[in-house]
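In case you want the letters, here they are:
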Amino acid sequence: MGFQEIFGALPEASAKAPGRVNLLGEHTDYQEGYVLPAPLPYFTRVEAGRAEGRVEAYSENVRELRARPLESPPQGDFLDYLLGVVWALREAGHPVPGARFHVKGEVPMGAGLSSSAALEVAALKALRLLYRLPLSDREVAVLAQRAESAYVGVRCGLMDQMVASLGELGKAFFLDTRTLTHENLPLPPKTRVAVLDLGLGRRLAEAGYNQRRQEAEEAARRLGVRALRDVADPSLVEGLPAPLNKRARHVVSENLRVLRGVEALRRGDARTFGELMVQSHRSLSQDCEVSLPELDRLVEEALKAGALGAKLTGAGFGGAVVALLEEGRYEAFRKALLSRFPGLRIL
Ligand code: GLA
């Protein structure tokens, strides 16, 4: 059902935002590090209209209409994200009296592809048009992250919302999460990115994610730096007790991999970039300890099937794998993987 059928009026504004994969720079954004995600050609589309004192939304995905007054606490449904962005706008002093939304999401959910950031950013961009709010795309991203962390209650970093708001399709989005400077960089020529989703869902992801954050904070505190981003000498982390040494080693080495990955992209060097992805996965598996045996196996098989590089994408504890391959090898790669993993979805 469309906006008009639900609300009896035409929408007054609309906007969309994409999901993302992360090519390099995992579990670094909450330590002011570097990240290198890329938007996916799957969007969440939001249509919006005015409302007073409440937020209402219909989701095509769950086929449900939900409504709650402004200032209601989160309840664990999709409306939380929309109440959250309205809350974040009002908290930042923008005169938003309420809104009604129609939401249609193409970004697969529960695969670690940031469907929630896509929803928040699309809703904020629709509200920006609807109420003529003087907001840059970067401010949209910051408000989206505030909605998710302070209202919805998921302590995420800034990567997902920034790439959903400012990324360019077909390019990698290099972001410094301390300064928020960013650059869209072309992917290596004649390569293609594939997302491999076994439909694992995410197991205990939130608890595990928050624990990694705390461990990283504790490591930074013991090393006497504002954030692990500031550790210039990687050997310093070895003096920390386990598992803080491993966690810090991951973050410090991952930041270096992003910087090397950016250099490789500037040279169009797909092979080096792929190797960095493989190293990133190994570090995520062994030092950050956020992988699962299924993901490790999928990465191995993707490499055997000809990928230049492969790694888990997003927070881990499930979710998808991202692979980089030579364009001409895609069909053979697809066939080989589907024969080994019959339930695999390749995006
Ligand atoms: C999730 C968070 C991001 C980032 C990744 C891990 O996607 O939302 O902010 O921390 O995990 O790289």
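Residues numbered from 1 in each chain as written. Predicted model: local features only at pLDDT ≥ 70, side-chain atom pairs only at ≥ 80, totals over all residues. Heavy atoms only, no water.

Peer 1: I'm lost on the overall build of the protein in this one. Help?
Peer 2: Across its full length, the protein holds ten helices and eleven strands. Taken over the C-alpha trace, the protein has a radius of gyration of 20 Å; the compact-globule value for 347 residues is 20 Å, and the two agree within 12%. Structurally, the protein occupies a C-alpha span of about 55 × 50 × 35 Å along its principal axes. In the protein, which comprises 347 residues, the proportion classed as buried is 57%. Across the protein, contacts joining residues at least 24 apart in sequence account for 70% of those joining residues at least 6 apart. When the accessible surface of the protein is split by element, carbon and sulfur atoms take 49% of a total near 14400 Å². Computing the positive centroid from 46 side-chain charges and the negative centroid from 44, the protein places the two 2 Å apart. (Helix = DSSP H or I, 4+ residues; strand = E, 2+ residues; numbered from the N terminus. Rg over C-alpha atoms; globule rule 2.2 N^0.38 Å. Buried < 20%, exposed > 50% of the residue type's maximum accessible area, 1.4 Å probe, protein only. Contact = heavy atoms within 4.5 Å. Areas by Shrake-Rupley, 256 points an atom, 1.4 Å probe, with all protein chains shown as cover. Lys, Arg positive; Asp, Glu negative; His and termini not counted. Charge placed at Lys NZ, Arg CZ, Asp CG, Glu CD.)

Peer 1: Help me out: how do you make sense of the sheet that holds strand S11 (residues 345–346) in this one?
Peer 2: Strand pairs in the sheet, formed through backbone hydrogen bonds, run parallel or antiparallel to each other. Here we have four strands laid out as an open sheet, ordered S9-S10-S8-S11, and antiparallel in their pairing. At either end of the open sheet lies a strand with only one pairing partner, and these are strand S9 (309–312) and S11. Looking at chain direction, strand S8 (residues 191–197) and S11 are connected through two bridges and run antiparallel. Across the sheet, the residue bridging to Leu-196 is Ile-346, located in S11. Its contacts with the sheet place helix H8 (residues 270–286) against S8, S9 and strand S10 (321–326), and it is angled at close to 30° to S9. Contacts between helix H10 (residues 330–340) and the sheet are confined to S8, S10 and S11, with S8 contributing the most and set at about 15° to the helix. (Pairing = 2+ DSSP bridges. Axes fitted to C-alpha atoms, helices over the stretch in contact; angles between N-to-C directions.)

Peer 1: Can you walk me through the side chain of His-27 in this structure?
Peer 2: Assignment of secondary structure puts His-27 in the loop between strand S1 (13–24) and strand S2 (34–50). We classify His-27 as buried; its relative accessible area is 5%. Here the side chain of His-27 touches Tyr-30 through a polar contact of 2.7 Å, side chain to side chain. At 2.8 Å, the side chain of His-27 and the backbone oxygen of Ala-315 are in polar contact. Those residues in contact with His-27, other than ones at most four positions away along the chain, are Tyr-209, Arg-212, His-250, Val-251, Leu-284, Cys-288, Val-290, Gly-314 and Ala-315. (Polar contact = N/O pair within 3.5 Å; in protein donor to acceptor, adjacent residues only side chain to side chain.)

Peer 1: How do you make sense of the packing of aromatic side chains when you look at a structure like this?
Peer 2: For any pair of aromatic rings, the description rests on two quantities: the centre-to-centre distance and the angle between the ring planes. For the coordinates displayed, the defined rule picks out four aromatic pairs. Both rings, one in Trp-87 and one in Tyr-151, keep their centres 6.0 Å apart while their planes meet at 35°; by these two values the pair is tilted. Pair noted here: Trp-87 is in helix H2 (residues 79–91) and Tyr-151 is in helix H4 (residues 137–152), with a separation of 64 residues, a long-range link. Classification of Tyr-151 by relative accessible area gives buried; the value is 10%. Sitting over the face of the ring of Phe-43, Lys-16 holds its NZ or CZ atom 4.1 Å from the ring centroid. Against the face of Tyr-330 rests Arg-192, its NZ or CZ located 3.6 Å from the ring centre. (Phe/Tyr/Trp six-rings, centres within 6.5 Å; stacked < 30°, edge-to-face > 60°. Lys NZ or Arg CZ within 6 Å of the ring centre and 35° of its normal.)

Peer 1: It is not clear to me how the side chain of Lys-125 should be interpreted in this structure. Could you clarify?
Peer 2: Summarising the element assignment, Lys-125 is placed in helix H3 (residues 115–130). Beyond its immediate stretch of four places on either side in the chain, Lys-125 contacts Ala-15, Asp-137, Val-140 and Ser-165.

Peer 1: Help me out: how do you make sense of the site of the ligand in this one?
Peer 2: Taken together, Arg-20, Glu-26, His-27, Asp-29, Tyr-30, Cys-156, Gly-157, Met-159, Asp-160, Tyr-209, Gly-314 and Ala-315 make up all the residues around the ligand. Within the side chain of Glu-26, one N or O atom sits 2.8 Å away from an oxygen atom of the ligand. Interatomic distance of 2.8 Å between a backbone N/O atom of Gly-157 and an oxygen atom of the ligand. Taken by itself the ligand offers 300 Å² of open surface, and the protein chains cover 91% of this. (Near = heavy atom within 4 Å.)

Peer 1: Would you take a moment to explain the pattern of salt bridges for this structure?
Peer 2: Side chains that differ in charge, positive against negative, can pair when their charged atoms come close. If you walk through the whole model with that rule in mind, you get 37 salt bridges. A salt bridge links Arg-146 to Glu-91, with the nearest nitrogen and oxygen atoms 2.6 Å apart. Of this pair, Arg-146 sits in helix H4 while Glu-91 is found in helix H2, placing the two residues 55 residues apart along the sequence. Residue Glu-91 is classed as partly exposed on the basis of its relative accessible area, which comes to 43%. Ionic pairing is found between Arg-271 and Glu-326, a salt bridge with its closest N-O pair at 3.2 Å. Here Arg-271 is found in helix H8, whereas its partner Glu-326 is found in strand S10, with 55 residues between them in sequence. One network of salt bridges, with partners in common, ties together Glu-64, Arg-66, Arg-68, Asp-77 and Asp-80. (Salt bridge = Lys/Arg side-chain N within 4 Å of Asp/Glu carboxyl O.)

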